[in-house]
Amino acid sequence: MDASSSSSSCSSSSKGMMDYGNEPHVLAVDDNIIDRKLVEKLLKNSSCKVTTAENGLRALEYLGLGDDQKNNLETMGSKVNLIITDYCMPGMTGYDLLKKVKESNAMKEVPVVIMSSENIPTRINKCLEEGAQMFMLKPLKQSDVKKLRCQLMKRS
């Protein structure tokens, strides 16, 4: 692992980093285990704490936004600093997950990044209009994750 080389020039701006020090907690959501493992490895190489979920419903449960967890939002809201999700997943798309997160008072400030292997401008625009922080094309590369981490650290 070459995580030591992951600190780039963007790490100097720690003012808007909520309270997660140098290791932001990222929830990575993807139904494809290979893509999920790749994203997890890239994020860990960039000194992120990573939790994975194999679909949108599991992600909502983890975030405390499942149908049976409506009253538990305040304790869960501080768990995650970023959500990165695949767009195409069975049951609940990444777009649907994005909408649920943005509708939640406790989670709406958490940035959501959508990933897809398909470069479809209307889909990208729809996600960005709904509040996605960024739309990234798969397969992700380490440079994509560094860019993402820089953006996360610059948030105020």
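The structure displayed is predicted, hence computed values, not measured ones. (Residues numbered from 1 in each chain as written. Predicted model: local features only at pLDDT ≥ 70, side-chain atom pairs only at ≥ 80, totals over all residues. Heavy atoms only, no water.)

## Side note on the overall build of the protein chain
- Scanning the protein chain for helices and strands turns up six helices and five strands.
- Helices and strands appear in the protein chain in the N-to-C order β-α-β-α-α-β-α-β-α-β-α.
- In the protein chain, which comprises 156 residues, the share counted as buried stands at 47%.
- Sequence-distant contacts in the protein chain: of pairs separated by 6 or more residues, those separated by 24 or more amount to 65%.
- Carbon and sulfur atoms form 48% of the exposed surface of the protein chain, whose accessible area is close to 8300 Å². (Helix = DSSP H or I, 4+ residues; strand = E, 2+ residues; numbered from the N terminus. Buried < 20%, exposed > 50% of the residue type's maximum accessible area, 1.4 Å probe, protein only. Contact = heavy atoms within 4.5 Å. Areas by Shrake-Rupley, 256 points an atom, 1.4 Å probe, with all protein chains shown as cover.)

## Here we look at the sheet that holds strand β3 (residues 82-86)
- Taken in spatial order, the five strands line up as β2-β1-β3-β4-β5 in an open sheet, and their pairing is parallel. One side of each edge strand has no neighbouring strand; the edge strands of this open sheet are β2 (49-53) and β5 (134-137). Going across the sheet, the axis of each strand differs from the next one's by a mean of 20 degrees, ignoring polarity.
- The pairing of strand β1 (residues 25-29) with β3 spans four bridges and is parallel. When the sheet's bridge partners are listed, V29 is paired in β3 with T85.
- Helix α2 (residues 56-63) rests against β1, β2 and β3 of the sheet, and its axis sits at about 155 degrees to β1.
- Along the sheet, helix α5 (residues 121-129) contacts β4 (112-116) and β5; its crossing angle with β5, the most-contacted strand, is approximately 150 degrees. (Pairing = 2+ DSSP bridges. Axes fitted to C-alpha atoms, helices over the stretch in contact; angles between N-to-C directions.)

## A word on the pattern of salt bridges
- Considering all chains together, one arrives at eight salt bridges under this definition.
- The shortest N-O distance in the salt bridge between K141 and D144 comes to 3.6 Å.
- Each of D30, D35, D86 and K138 takes part in a single network of salt bridges with overlapping partners. (Salt bridge = Lys/Arg side-chain N within 4 Å of Asp/Glu carboxyl O.)

## Some details on unusual backbone geometry
- Following K138, the chain continues into P139 via a peptide bond in cis, with omega recorded as -5 degrees.
- Positionally, P139 belongs in the loop between β5 and α6 (142-154).
- Non-glycine residue S47 carries a positive phi angle of around 60 degrees.
- Counting through the fold element by element, S47 comes out in the loop between α1 (33-45) and β2.
- A relative accessible area of 26% places S47 in the partly exposed class.

## Some remarks on the packing of α2 against helix α4 (residues 94-103)
- Direction vectors running N to C along α2 and α4 enclose 20 degrees, while the axes themselves pass 10 Å from each other. If you check the angle between α2 and α4, you find them roughly parallel. For the element pair α2 and α4, the recorded crossing hand is right-handed. On the side of α2, the interface is formed by G56, A59, L60 and L63, while α4 contributes L97, K100 and V101.
- Tallied by class, the residues present in the contact of α2 with α4 amount to five nonpolar, one polar and one charged. (Parallel < 35°, antiparallel > 145°, perpendicular 65-115°, else oblique. Left-handed = near helix turned anticlockwise from the far one by under 90°. Nonpolar A, V, L, I, M, F, W, Y, C, P; charged D, E, K, R; others polar.)

## A word on the packing of aromatic side chains
- Per the stated rule, a full pass over the model turns up zero aromatic pairs.
- The side chain of K79 reaches across the aromatic face of Y62, ending 4.3 Å from its centre. (Phe/Tyr/Trp six-rings, centres within 6.5 Å; stacked < 30°, edge-to-face > 60°. Lys NZ or Arg CZ within 6 Å of the ring centre and 35° of its normal.)

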